[in-house]
Amino acid sequence: MSMKLENVNAWTRCALLTLALSLAGCGGGGESGGASAGSGGVSAAMKSDTSGQITSTPLQAPGIDDDSGLTAQQATSPALDLSSVVPRLNAGDPRNGVYYVYSADGSNGTRQKLGINFDTKSYSLVNSKGSATSGTFSEDPVEPGTYVFASSRITSAVNTARFRITTDAIVGAFPFEKPWSDPVAYEVTPFVAARTFVTAPALLDGDYNRYGISRNSDGSSDSQILPMRISGQGTLLEMCFDFVIYRVESCPPASKRSYSLVASSDFNWTGTNIWSPDDILQFRMARIDGQNVWLSGGYTDAAPNVHVFRVGLKDSTVWPTVRYIGSSTDGRWGTNLISTTSATRDSVDAAGTPSTVSQPVNESGNSGPIGIHGLNANGEQKYFVMQNEVLSVVVGARSNPNTQGYIQVGLFKDHGGVDPRNGTYKVFASQRSSSRLTLDFDAGTYRMNEDFDQTSSGTFSADPADPGTYVFSSSRVSGIMNTARFRVAQDAIVGAFPFYVIPTVPFTYAVRPFVAARNFVTSRTELEGAYDVMVASVPAGVTSKIPVNLFRQVIAQDGRNAKICQLVPVTTCEDGSSSPYSVALGITSDSWLLYSGLSNMNFYVAKVGSRRLALYAFIQMYDNNTKVGSYMVAGLRQPSAGIAAWTSFAAHSYSGAGEPGTTLLNASSIATTYVLPNGTTMPFSLTLTSVANNAQVKTATDGGGTPYVAIQDGQFMFAMPTSGDSNQMHISLADR
């Protein structure tokens, strides 16, 4: 990867040069066919037998003496593995031990081991041939938590062979032997090493994204970006090999490969192609800081001239701002601050040359997994990036000669000193069908990508008179009181924004309420439950195209079928009043589709802590092949048994006209005081009546006798007239 020096300010330049100076002159360390005598006690733990094979005992890292106290661990649950806190090396530093190494040079990770001893600050690496190199390591005083390998293989001005360590895993770079080099040469190459692995089949299940590179004996290299899924309690692996990055469900049949999975020795899993038994793959599933991480690499007898390196992370709808530290195949070591909009890498090479490169992060396309993001997609150097707040992986685009074969692996360092609320949220409002709101709390800026390819941006600021409330600054807002504002919950936002009302010239704007979220259900098994849903429509009268204004949606345990029935009067959906629907994958990788005949409803289920919030981006109904209607649709899932469905709380609210207010809610009433654009206040109240069979729902009347319905789950509250008029919808977020 060719990296230019860009925008290096004085502070950054000084810090990087200091880093470069601290790395210089870190050579030394023994090297031989076996471990050197000066390796501080690790050599005995890494010795091989006379055949060159690494000795092994059950549940013990191969090559380790029986009394060494070093045991490879197995992950038995998604929670904390108690075995990982067992002291190793006779009650020494708990980080001591043997780690299985997977490296970007394509070495065979099945047999390559790294022994680390923090008590003696020594290491020993046994390669795939059974020989070892060893030496010492020391902590970098400029970058605490980073350790530098001392090795006679390092002859450059700066030693970029270093590592960082987390629970049962090491991520770094080492001067591995360069494949096919004659005479033997060495190059500093990234690696991931782990010692805790999944051995229970059911814990393998999930959607993953896998990045990798291939190195060929002719000097060429290639990249790989693909989605995959493990299902059936760890018995089936599906991969999509296509030039387009599809979700597994959308993968063209000719591009999909399916493998039956079985457990193999030494924590490996073996997959056999169901239709082509000669196609066999093998991998380990590491557990790193509570996350499943696919690791595979090496070469096969059938293709000895191709060495591969693969890392897979679970697909996720969450994209946090995180700083990672690690290495890349261009020999650079540094940090990478990845956000929703950019990735900024500060690094230094073996010559001591610092560099800062900032490139735009592009949101994933509708056809691909949500966890795969483009990086610099419109530039000359194109990449893909994925992350899970433990590891980040950047790989060059396969179609881009400038980056093909490049990979960068980083380990979590911090959240970059940034506000964890930063990010991009999907917006749901009666005026819009697919908007996105990007917030940067550190810079105080926002960007609203609306329908019709319109984008508005500006600043926002905290309201000093109302802690927790933020005000949008926008030229679209006129009036004494700026009613465009918002509040934040865990991964969710409730507020009001000056949206386009009429998206034609001359443009017309109006402040309208919205709900936004950034963490969504992507697994069918998490959809299960009964949701109480209300539909606010624009224009009036269009709601006849949907089942009812107020309905109950019950999704089956398998997440494939649903029933819809009337909400008020309350029905159970089991009394013959329901309409059957099927649940299919939606238009994006984190959405779902309810369909029955010509009635199609695309929806999301947001995860807000333990609560589930059903949000509909657009309801697509047809009348003589004409798409009609604009809706605000929101639903709350019924709470678990034993949890109160209706509680008293104080909240901030937003009316259908976008006016902000404060609310007190209890079992018998909702009392709100709204602030109008002219600066005056307006009271609004509802008298509540309980309904049978549903504690989450209440009927209500306003002061004029208009019938309403209200639903709440202790954090969110929605209320609207039974007519479905969106101008009279009220959205509240609890002050918690």
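For clarity, every value in this text was computed on a predicted model and none was experimentally measured.

### Focus: the state of the cysteines
- Applying the stated rule across the entire model yields one disulfide.
- Across a sulfur-sulfur distance of 2.2 Å, Cys240 and Cys251 are joined as a disulfide pair. Note on the Cys240 and Cys251 pair: the S-S dihedral is about 85 degrees, so by sign convention the disulfide is right-handed. In this pair, Cys240 sits in strand 13 (residues 236-240) while Cys251 sits in the loop between strand 13 and strand 14 (256-263), placing the two residues 11 residues apart along the sequence. Residues Cys240 and Cys251 agree in their burial class; the two are buried.

### Considerations on the sheet that holds strand 20 (residues 333-338)
- Here eight strands make up a closed barrel; going around it, the order is 19-20-21-22-23-24-25-26 and the pairing antiparallel. Looking at each pair of strands side by side, their axes are set apart by 30 degrees on average, direction ignored.
- Inspection of the sheet shows strand 19 (residues 322-328) paired to strand 20 by six bridges, in the antiparallel sense. By the bridge assignment, Tyr324 is partnered in strand 20 with Asn336.

### Some points on unusual backbone geometry
- The peptide bond linking Asp182 to Pro183 adopts the cis configuration, its omega dihedral lying at 5 degrees.
- One can find Pro183 in the loop between strand 8 (169-177) and strand 9 (186-194).
- The residue Lys121 is not glycine, and still its phi comes out positive at about 55 degrees.
- With respect to the helices and strands, the residue Lys121 is situated in the loop between strand 3 (113-117) and strand 4 (122-126).
- The residue Trp180 is not glycine, and still its phi comes out positive at about 65 degrees.
- With a relative accessible area of 36%, Trp180 lands in the partly exposed category.

### Considering the nonpolar core
- By size, the foremost hydrophobic cluster in this structure holds 50 residues, and its most contacted members are Leu437, Leu439, Phe472, Phe486, Phe514, Phe716 and Phe718.
- If one sorts the elements of this core by residue count, strand 33 (residues 492-502) sits on top with six residues.
- Not counting chain neighbours up to four residues away, the residues in contact with Leu437 comprise Gly423, Thr424, Tyr425, Val427, Tyr446, Arg447, Met448, Phe472, Ile493 and Phe514.
- Ile213, Ile288, Ile372 and Val409 belong to the second largest nonpolar core, which has 29 residues in total.

### A look at the side chain of Ser214
- Here Ser214 lies in strand 11 (residues 206-216).
- Here the side chain of Ser214 touches Arg310 through a polar contact of 3.4 Å, side chain to side chain.

### With respect to the pattern of salt bridges
- Applying the stated criterion across every chain yields a total of 22 salt bridges.
- One salt bridge connects Glu526 with Arg612, and the closest N-O pair in it is separated by 3.7 Å. In this pair, Glu526 sits in the loop between strand 34 (508-517) and strand 35 (529-538) while Arg612 sits in strand 41 (residues 611-623), placing the two residues 86 residues apart along the sequence.
- Residue class for Glu526 comes out partly exposed when judged on its relative accessible area of 27%.
- In this structure, Arg552 engages Asp532 in a salt bridge whose closest nitrogen and oxygen atoms are separated by 3.2 Å. Separated by 20 residues along the polypeptide, Arg552 in strand 36 (residues 550-555) and Asp532 in strand 35 bring together distant segments of the chain.

### Here we look at the pairing of strand 14
- Pairing of strand 13 with strand 14, which is carried by five bridges, proceeds in the antiparallel orientation. The residue of strand 14 that forms the bridge with Met239 is Arg257.
- Counted along the chain from strand 14 to the antiparallel partner strand 15 (residues 269-273), the turn is five residues long, and its residue Asp266 has a positive phi close to 60 degrees.

### Focus: the packing of aromatic side chains
- On inspection of all chains with the given rule, the structure shows 36 aromatic pairs.
- Pairing Phe149 with Phe163 gives two aromatic rings, centres 4.9 Å apart and planes at 40 degrees, and the pair type is tilted. Taken together, the positions of Phe149 in strand 6 (residues 147-149) and Phe163 in strand 7 (residues 162-166) put the pair 14 residues apart, joining distant regions of the chain. Phe163 matches Phe149 in its accessibility class, with the two residues each being buried.
- Aromatic rings pair up to connect Phe118, Tyr123, Phe137, Tyr147, Phe149, Phe163, Phe174, Phe176 and Phe191 into one cluster.

What counts, and where the lines are drawn
- Residues numbered from 1 in each chain as written.
- Predicted model: local features only at pLDDT ≥ 70, side-chain atom pairs only at ≥ 80, totals over all residues.
- Heavy atoms only, no water.
- Disulfide = S-S within 2.5 Å.
- Helix = DSSP H or I, 4+ residues; strand = E, 2+ residues; numbered from the N terminus.
- Buried < 20%, exposed > 50% of the residue type's maximum accessible area, 1.4 Å probe, protein only.
- Pairing = 2+ DSSP bridges.
- Axes fitted to C-alpha atoms, helices over the stretch in contact; angles between N-to-C directions.
- Core = buried A, V, L, I, M, F, W, Y, C linked by side-chain atoms within 4.5 Å.
- Contact = heavy atoms within 4.5 Å.
- Polar contact = N/O pair within 3.5 Å; in protein donor to acceptor, adjacent residues only side chain to side chain.
- Salt bridge = Lys/Arg side-chain N within 4 Å of Asp/Glu carboxyl O.
- Phe/Tyr/Trp six-rings, centres within 6.5 Å; stacked < 30°, edge-to-face > 60°.

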